[in-house]
Amino acid sequence: MNGERQYRLGVLGSGKGSNLAAIADACAAGRVPAEVTLVLSDVPDAGILARGRERGLRAEHLAPGKFRTKLDEEAERRYVAALREAGVDLVVLAGFMRILKGDFLGAFPQRVINIHPSLLPSFPGLEAWRQALEYGVKVTGCTVHLADPGVDTGPILAQQAVPVLDGDTAATLHERIQQAERELYPAVIGALARGEIQVQGRRVTGFRGS
Ligand code: GAR
């Protein structure tokens, strides 16, 4: 680095943290010109916090408040304050299993991204890999999109296809999709950090692939 300020990522997750690990490792290896400055989880013993701490990252549990599927107002304020205090340029949702509302999104306009384990708009919501297997599609994949107040409805930044194989179980298909996520998510974040992606409404251009 030539003294330039790094592009700062705040990563939010509720699960095991394989996406965080891929993103942080890509940053550390110089493949993505960014740094993870804060990891937040609504789950106190989530693997994502351990994956962050193993890498020397600041990783904190922030209680979600009184609701089951979203952050309550007080919690939302604490998440926004922590991310602002860390000076994040981009909020990266990596398996964060709570819906973020307008106030949170308004604090980081066009700067909250999510990864979803299907080719949206097919199979939004929970366990998208299981939905794909049960529907019988032959190709599924993963999608990186800007977060908006809907469930998995924001403008699509990039997608990667994954085949569904004859012998697949929900677990084998999920693992194959997660391998694709570990390639796609760092690549999209790198393109955003380099200013290569343009968003005009739902029309997104400039991503050249992972
Ligand atoms: C990922 O597969 C991600 O696509 C999914 O949660 C997993 C988190 O894994 N997100 C959603 O289903 C959001 N609707 P990780 O904790 O190992 O990164």
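The structure displayed is predicted, hence computed values, not measured ones.

Caption draft 1: Focus on unusual backbone geometry. A cis amide bond, omega 15 degrees, links Leu120 with the succeeding residue Pro121. Here Pro121 lies in the loop between β5 (112–116) and α5 (128–135). We note that Glu127 has phi near 45 degrees; this positive angle belongs to a residue other than glycine. According to the relative accessible area criterion, Glu127 is partly exposed, its value standing at 37%.

Caption draft 2: Examining the site of the ligand more closely. In the vicinity of the ligand lie 13 residues, with Gly17, Ser18, Asn19, Gln178 and Glu181 positioned nearest. Here an oxygen atom of the ligand sits 3.1 Å away from a polar atom, N or O, in the main chain of Lys16. Separating an oxygen atom of the ligand from a side-chain N or O atom of His174 is a distance of 3.5 Å. Protein contacts shield 91% of the accessible area of the ligand, which totals 450 Å² for the unbound molecule. For the shell around the ligand, the elements supplying multiple residues, two or more each, are α1 (18–28), β5 and α6 (170–193).

Caption draft 3: A look at the layout of surface pockets. Empty space within the largest pocket amounts to approximately 930 Å³. Taken together, 38 residues line the largest pocket, and the ones lying closest to its centre are Gly95, Phe96, Met97, Arg98 and Leu126. When the residues that make up the lining of the largest pocket are grouped by side-chain class, the tally is 16 nonpolar, 14 polar and eight charged.

Caption draft 4: Geometry of the packing of α5 against α6. Where α5 meets α6, the closest approach of the two axes is 9 Å, and the angle between their N-to-C directions is 120 degrees. What the angle tells us is that α5 and α6 run oblique. Crossing handedness for the pair α5 and α6: right-handed. Packed against α5, whose contacting residues are Trp129, Arg130 and Leu133, the element α6 presents Ala170, Leu173, His174 and Ile177 at the interface.

Caption draft 5: View of the environment of Ala82. Within the secondary structure, Ala82 is located in helix α3 (residues 73–85). Take Ala82: its relative accessible area is 12%, and that puts it in the buried class. Sequence spacing of Ala82 and Phe104 is 22 residues, and the spatial spacing of their C-alpha atoms is 12 Å. Sequence-distant contacts of Ala82, that is, excluding residues within four places in its chain, are made with Leu38, Leu40 and Leu62.

Caption draft 6: Main features of the nonpolar core. Ranked by internal contacts, the top residues of the largest apolar core, which has 42 residues, are Leu9, Val36, Val92, Ile113, Leu157, Tyr185 and Ile189. No other element matches the 10 residues that α6 contributes to this core. In this view, Ile113 contacts Leu90, Val91, Val92, Leu93, Val144, His145, Leu146, Ala147, Leu157, Tyr185, Ile189 and Leu192; residues no more than four positions away in its chain are not counted. Counting residues in hydrophobic clusters, the runner-up holds 21 residues, among them Ala75, Leu83, Leu105 and Phe108.

Caption draft 7: Summary view of the packing of aromatic side chains. What the rule picks out here adds up to three aromatic pairs. Centroid distance Phe104 to Phe108: 5.6 Å. Interplanar angle 50 degrees. Geometry classified as tilted. Judged by relative accessible area, Phe104 falls into the buried class, the value being 0%. Here the basic side chain of Lys70 rests over the ring of Phe67, its NZ or CZ set 4.6 Å away from the ring centre.

Quick notes on the rules
Residues numbered from 1 in each chain as written. Predicted model: local features only at pLDDT ≥ 70, side-chain atom pairs only at ≥ 80, totals over all residues. Heavy atoms only, no water. Helix = DSSP H or I, 4+ residues; strand = E, 2+ residues; numbered from the N terminus. Buried < 20%, exposed > 50% of the residue type's maximum accessible area, 1.4 Å probe, protein only. Near = heavy atom within 4 Å. Polar contact = N/O pair within 3.5 Å; in protein donor to acceptor, adjacent residues only side chain to side chain. Areas by Shrake-Rupley, 256 points an atom, 1.4 Å probe, with all protein chains shown as cover. 1 Å grid on protein atoms, 1.4 Å probe; cavity = no way out; pocket = protein on both sides within 12 Å on 5 of 7 lines; lining within 4 Å. Points joined across faces, edges and corners; volume = space filled by probe spheres on them. Nonpolar A, V, L, I, M, F, W, Y, C, P; charged D, E, K, R; others polar. Axes fitted to C-alpha atoms, helices over the stretch in contact; angles between N-to-C directions. Parallel < 35°, antiparallel > 145°, perpendicular 65-115°, else oblique. Left-handed = near helix turned anticlockwise from the far one by under 90°. Contact = heavy atoms within 4.5 Å. Core = buried A, V, L, I, M, F, W, Y, C linked by side-chain atoms within 4.5 Å. Phe/Tyr/Trp six-rings, centres within 6.5 Å; stacked < 30°, edge-to-face > 60°. Lys NZ or Arg CZ within 6 Å of the ring centre and 35° of its normal.

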